[in-house]
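Below, each chain spelled out in residue letters.
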Amino acid sequence: MDTRTDNELESDLSVMLPKRYKVLLLNDDYTSMDFVIDILMNVFHKSYQQAEVIMLEIHRTERGLCGVYSYEIAETKVMQVHKLAREQGFPLKATMEEE
């Protein structure tokens, strides 16, 4: 067995981890705090206490981190937020940005 070739093959193979994306909710003057908490609990699976902390961060700093995901999952979460907000008549916006 040629170990030199085995070592060369191992060094040529490197695992690329997928890029990660932060999903953020943006503050607005119309969306209720209760609705934001509901979104955080139902879409992002946060506990009530976690959702409350994030909601207050959004209120104070104009945006808050909801989670970090692969591109496809982050994109789906953003679409879910927009769909639910639209259904309830709120202008809540979610964005995603590369970590």
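What comes next is a walk through the structure.

What counts and what doesn't
Residues numbered from 1 in each chain as written. Predicted model: local features only at pLDDT ≥ 70, side-chain atom pairs only at ≥ 80, totals over all residues. Heavy atoms only, no water. Helix = DSSP H or I, 4+ residues; strand = E, 2+ residues; numbered from the N terminus. Buried < 20%, exposed > 50% of the residue type's maximum accessible area, 1.4 Å probe, protein only. Contact = heavy atoms within 4.5 Å. Phe/Tyr/Trp six-rings, centres within 6.5 Å; stacked < 30°, edge-to-face > 60°. Axes fitted to C-alpha atoms, helices over the stretch in contact; angles between N-to-C directions. Parallel < 35°, antiparallel > 145°, perpendicular 65-115°, else oblique. Left-handed = near helix turned anticlockwise from the far one by under 90°. Nonpolar A, V, L, I, M, F, W, Y, C, P; charged D, E, K, R; others polar.

### Overview of the environment of Y30
So, point 1. Along the chain, Y30 falls in the loop between β1 (21–26) and α2 (33–42).
So, point 2. Y30 sits in the exposed class, given a relative accessible area of 66%.
So, point 3. Separated by 61 residues in sequence, Y30 and P91 have C-alpha atoms that sit 7.0 Å apart.
So, point 4. In this structure, Y30 is in contact with F90 and P91, ignoring residues within four places of it in sequence.

### A word on the packing of aromatic side chains
So, point 1. Taken as a whole and assessed by the stated rule, the structure comprises 3 aromatic pairs.
So, point 2. Taking 5.2 Å as the distance between ring centres and 80 degrees as the angle between the ring planes, the aromatic pair formed by Y21 and Y71 counts as edge-to-face. On the criterion of sequence distance, the pair formed by Y21 in strand β1 and Y71 in helix α4 (residues 71–88) is long-range, its members being 50 residues apart.
So, point 3. You can call Y21 buried: its relative accessible area is 14%.
So, point 4. When the centroid spacing of 4.8 Å and the interplanar angle of 35 degrees are considered together, the rings of F35 and F90 count as tilted. Of this pair, F35 sits in helix α2 while F90 sits in the loop between α4 and β3 (93–98), and the two are 55 residues apart along the sequence.
So, point 5. When its relative accessible area of 10% is taken as the criterion, F35 is described as buried.
So, point 6. Relative accessible area serves as the criterion here: at 23%, F90 is assigned to the partly exposed category.

### Here's the deal with unusual backbone geometry
So, point 1. Positive phi is not limited to glycine here, since H45 has a value of about 55 degrees.
So, point 2. With a phi angle near 80 degrees, E62 is a residue other than glycine that sits in the positive phi range.
So, point 3. Turning to its location among the elements, E62 is positioned in the loop between α3 (48–61) and β2 (63–69).

### Comments concerning the packing of α2 against α3
So, point 1. One way to put it is that α2 packs onto α3 with a least axis distance of 9 Å and a crossing angle of 125 degrees. Considering the angle they form, α2 stands oblique to α3. Relative to α3, the crossing made by α2 is right-handed. Residues M33, V36, I37, L40 and M41 of α2 touch α3, and the partners they reach there are Y48, A51, E52, I54, M55, I58 and H59.
So, point 2. Its residues assigned to classes, the contact of α2 with α3 shows 10 nonpolar, 1 polar and 1 charged.

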